[in-house]
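Residue strings, one per chain:
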Amino acid sequence: MSTDRLDRRLPEVLAELAPPVQPDYVDDLLGRTARMPQRPGWTYLERWIPVSTITLAQPTGRLPVRLLIAVALILILILATIGLYAGSQRRLPPLYGPAGNGLVVTTSSDGVITIDPATGASTTLVAGEDLCCLDVAPDGRHVAYLEVPVDGADPTAMGIAAMDGSTSVAIPDDLLGGLDWYEWSPAGERIAFASAGAVSIFDVASGAVSAVDTPFRAGSAQWIGTTGDLLATAVNGDTTSVYRFSPDAPAGVSKVADLRYVAEGISVSPDGSKIAYFIWGPEERLRGRVHVFDLATGVDTAITPEDEAATAVPHEVEGTVWSPDSSLIAATWLGADGDQIALLPAAGGAPQFVGPRMSLAGDMPVQFTPDGLSLLVQYPEGTGTWLLPVDGSAGRMVPWSVASSGYDWQRVAP
Amino acid sequence: VDQRALVERAGRGDHDAFAVLVRAKAARLDAAARLILRDRELAADATQDALIRAWRNLPGLRDPERFDGWLHRLLVRACIDALRKRKARPIEVELQPLDGPSIGDPAQAVVERELIDDALRQLDPEWRAVVVLHYFLGMPLPEAASTLGIPLGTAKSRLHRSLGLMRLAIADDVATPSLAKGHSA
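Here the structure is a predicted model, which is why all the values come from computation and not from measurement.

Would you mind showing me how to read the overall build of chain B here?
Along chain B, the regular secondary structure elements total 8 helices and 0 strands. N-terminal to C-terminal, the α/β element order of chain B is α-α-α-α-α-α-α-α. Across the 185 residues of chain B, 55% fall into the buried class. Summarising the internal contacts of chain B: among those between residues at least 6 apart in sequence, 69% fall at separations of at least 24. Of the accessible surface of chain B, which amounts to about 8,300 Å², a share of 51% is contributed by carbon and sulfur atoms.

This is the structure:
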């Protein structure tokens, strides 16, 4: 059956497969709902209480200032001693670039678990249900995670756990409504949030939240290398606008680019010099191409081909995952004869394919190992978790698995 | 009475208005759930769950014009929840059409329908949801993406890949004698 014929026939075949017939349970259902109270309108707080009111700090009474100063000094002394001790015990990885491979962090029915990639031994770091969407801080010391009981709904909780299991911190709930994005700063001391269009910064040490006033609705907020600046995106119709600003001086917001159509998978290279993204072109085309945008020069380059003759044998690309050294982008290459992981040189050039080509009926998360020498790929259920060397040599299936809903690999000192 | 007025009345607790809305929507919602889940019983459960959630939460719907999209989103979530709760692999059942439209070559149409049906079964339910929303409920992709709570590019990607997989499956089926095919029950 030709492509066009499938497109044309689908609506009528779907209607034939499931003809709309009034279900016999409608009367029973209406009987149940008639006896069921509705959730009162006043319980939807956001409908009538301004967010600024909800987030107002509660007034406190007078505090013994001298006592607090003395306690603070003692605490600082203790923390400094602990810090010196800890610093002498463990070196941190570089802020960006290749690092050593630490533990793999993922979720299971037990909660957040760590896996020793050498032995496959796992340890529960945070016990709980419905935990997902992990992100290990670039310094390798903490992992953040979400609790999402209902797919597609807002998270009900977010926490940060020390990778050694020693501490955990809860993120304020008001950052979680409409959460679109969160990301650790390179030094692991702050987390940027994009929630319900607003950008906020969470300070891990103090627990303080600072709102960043931006003149656009942000869909993401990513740190640009070690500059301290953030890159945020906002979708306006069929254009994605990219902005750059300092979270500490948001008045200096500058628009970096307007990207055609709806750009997806926008990610800043680890060295902060470029962004990569892919575009699914006009709706009738459904064709993905990866672009690299140089933040210094403003030059935008499509690094995968657009082949007009490829309608019958399409090769589309989706996803952008940077290698630690910012030279390669891993993407899923969608071919007529199956899907495969492709390594795209950020400077352009022929892609290198790794791993098997297969017809995939699910998503295929991929990530570089911190040392940049391999890719960790979670193939759909039943086909396993693989480590694929980027040099193209034979990969191997590892004797452990990660959850497709979230995993990350801890960076450690080389 | 226009739908907006019915939604506003239902949101204020008018159950009669809600009943009119349900009777107008239930058949199509149930059919969409059957296509996504490929299981008649699960689909009935998911549709009822979505409609109960709709009644409970109607007072929180800010814009009555978005009722249809909101209801479809509740339905898709109920379908995914139904699969999660079931944990075990859903039973695949044959969905028999009542009356197919007349087509020039009935035999060829039946073969095509079976090929598409088989191909559709092989998709992940969340991918199938994009196909159903777009091709069955007639939603433009941006609206389907919004309904599913996924970025537009993800919806396009899933639709593109779903169609690609279906074409592959159909090509395989055509190349394979039909006696080799079967349905798990």
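Explain the pattern of salt bridges to me, please; I cannot follow it from the model alone.
Think of it this way: side chains of opposite charge can pair up when their charged atoms draw near. Counted according to the given criterion, the structure contains 17 salt bridges over all chains. Here the salt bridges share partners, and the residues they tie into one network are Arg9, Glu12 and Glu16 of chain A together with Arg113 of chain B.

Where do I start with the packing of helix 2 (residues 15-37) of chain B against helix 3 (residues 40-57) of chain B in this structure?
A packed helix pair is summarised by two numbers, namely the angle formed by the two axes and the spacing between the axes. Residue and element names in this part refer to chain B. The geometry of helix 2 relative to helix 3 is characterised by a closest axis approach of 9 Å and an angle of 145° between their N-to-C directions. The hand of the helix 2/helix 3 crossing is right-handed. In contact with His15, Phe18, Val22, Ala26, Leu29, Asp30, Ala33, Arg34 and Leu37 of helix 2, helix 3 contributes Arg40, Leu42, Ala43, Ala44, Ala46, Thr47, Leu51, Ala54 and Trp55. In terms of residue class, the contact of helix 2 with helix 3 is built from 13 nonpolar, 2 polar and 3 charged.

It is not clear to me how the sheet that holds strand 10 (residues 198-203) of chain A should be interpreted in this structure. Could you clarify?
Sheets are built from strands that pair by backbone hydrogen bonding, the pairs being arranged parallel or antiparallel. All names here are of chain A. Taken in spatial order, the 4 strands line up as 8-9-10-11 in an open sheet, and their pairing is antiparallel. The sheet is open, and its two edges are formed by strand 8 (179-184) and strand 11 (209-212), each paired on a single side. Pairs of neighbouring strands in the sheet enclose a mean axial angle of 20°, with direction left out of account. Pairing analysis gives 5 bridges linking strand 8 to strand 9 (residues 190-195), with the strands arranged antiparallel. Across the sheet, Leu179 pairs through a bridge with Ser195, a residue of strand 9.

Before we go on, may I ask you to explain the state of the cysteines in this structure?
Residues and elements named next belong to chain A. Applying the stated criterion across every chain yields a total of 1 disulfide over all chains. The disulfide partner of Cys132 is Cys133, and the S-S distance across this bridge is 2.5 Å. Here the disulfide of Cys132 and Cys133 is left-handed, its torsion about the S-S bond being about -65°. Cys133 gets classed as partly exposed once you look at its relative accessible area, which sits at 30%.

Please clarify how the confidence of the model for chain B should be interpreted in this entry.
In low-pLDDT segments, the atomic positions of the prediction should not be examined closely. Residues and elements named next belong to chain B. Across chain B, pLDDT averages 78, with 79% of residues at or above 70. Ranking the elements of chain B by mean pLDDT puts helix 8 (residues 152-175) last with 77 and helix 2 first with 94. pLDDT under 50 marks residues 87-104. Its contacts with residues more than four places away, or in other chains, come to 34 contacts. Here residues 176-185 is a poorly scored stretch, pLDDT under 50, and it has 10 contacts once near neighbours within four places are set aside; other chains count. Reported confidences for the modelled complex are a pTM of 0.65 and an ipTM of 0.77.

What should I look at first to understand the environment of Asn57 of chain B in this one?
Residues and elements named next belong to chain B. For Asn57, the location among the structural elements is in helix 3. In this structure Asn57 comes out as partly exposed when scored by relative accessible area, which is 25%. Along the backbone, Asn57 and Gly11 are 46 residues apart, and their C-alpha atoms lie at a distance of 8.1 Å.

So what exactly am I meant to see when it comes to the sheet that holds strand 27 (residues 396-397) of chain A here?
Residue and element names in this part refer to chain A. A sheet is described by the order of its strands in space; here 4 strands give the open sequence 24-25-26-27, paired in antiparallel fashion. Of all strands in the sheet, those with a lone pairing partner are strand 24 (366-368) and strand 27, marking the two edges. Two elements, strand 25 (residues 374-378) and strand 26 (residues 385-389), share 5 bridges in a ladder whose sense is antiparallel. If you follow Val377 over to strand 26, its bridge partner there is Trp386.

Help me understand a nonpolar patch on the surface in this model?
Residues and elements named next belong to chain A. A cluster of nonpolar side chains, namely Leu67, Val71, Ile74, Leu75, Ile78, Leu79 and Ile82, defines an oily patch on the protein surface of about 660 Å² accessible area. Checked against the element boundaries, Ile78 lands in helix 4 (residues 65-89). For Ile78, a relative accessible area of 43% corresponds to the partly exposed category.

What's the story with the packing of helix 1 (residues 3-11) of chain B against helix 2 of chain B in this structure? I'm lost.
All names here are of chain B. In the contact formed by helix 1 and helix 2, the axes pass within 8 Å of each other and the chain directions differ by 130°. If you check the angle between helix 1 and helix 2, you find them oblique. Two packed elements cross with a definite hand, and for helix 1 against helix 2 that hand is left-handed. Contacts between helix 1 and helix 2 pair Gln3, Leu6, Val7, Arg9 and Ala10 from the former with Ala17, Phe18, Val20, Leu21 and Lys25 from the latter. A breakdown of the residues in the contact of helix 1 with helix 2 according to their chemical character gives 7 nonpolar, 1 polar and 2 charged.

What am I meant to see in the side chain of Thr320 of chain A here?
Residue and element names in this part refer to chain A. As for its position among the elements, Thr320 is in strand 20 (residues 315-322). Polar side-chain contacts of Thr320 include one of 2.2 Å to the backbone oxygen of Gly265. Side-chain polar atoms of Thr320 contact the side chain of Ser267, separated by 3.3 Å. Sequence-distant contacts of Thr320, defined by excluding residues within four places in its chain, comprise Gly265, Ile266, Ser267, Ala276, Tyr277, Phe278, Val290, Ile329 and Ala330.

When you look at the pairing of strand 5 (residues 142-147) of chain A in this model, what are you seeing that I'm missing?
Consecutive side chains along a regular strand alternate between the two faces of the sheet. All names here are of chain A. For strand 5, the buried fraction is high: 5 of the 6 residues fall into the buried class. Taking the residues between adjacent antiparallel strands as the criterion, strand 4 (residues 131-136) and strand 5 are bridged by 5 residues, where Gly140 takes a positive phi near 75°. By the bridge criterion, 6 bridges tie strand 5 to strand 6 (residues 157-162) in an arrangement that is antiparallel. Paired with Ala144 across the bridge in strand 6 is Ile160.

Conventions and cut-offs
Residues numbered from 1 in each chain as written. Chains lettered and ligands numbered in written order. Predicted model: local features only at pLDDT ≥ 70, side-chain atom pairs only at ≥ 80, totals over all residues. Heavy atoms only, no water. Helix = DSSP H or I, 4+ residues; strand = E, 2+ residues; numbered from the N terminus. Buried < 20%, exposed > 50% of the residue type's maximum accessible area, 1.4 Å probe, protein only. Contact = heavy atoms within 4.5 Å. Areas by Shrake-Rupley, 256 points an atom, 1.4 Å probe, with all protein chains shown as cover. Salt bridge = Lys/Arg side-chain N within 4 Å of Asp/Glu carboxyl O. Axes fitted to C-alpha atoms, helices over the stretch in contact; angles between N-to-C directions. Left-handed = near helix turned anticlockwise from the far one by under 90°. Nonpolar A, V, L, I, M, F, W, Y, C, P; charged D, E, K, R; others polar. Pairing = 2+ DSSP bridges. Disulfide = S-S within 2.5 Å. pLDDT = per-residue confidence, 0-100. Patch = residues over 30% accessible without salt bridge, like charges linked within 9 Å, V, L, I, M, F, W, Y side chains within 5 Å. Parallel < 35°, antiparallel > 145°, perpendicular 65-115°, else oblique. Polar contact = N/O pair within 3.5 Å; in protein donor to acceptor, adjacent residues only side chain to side chain.

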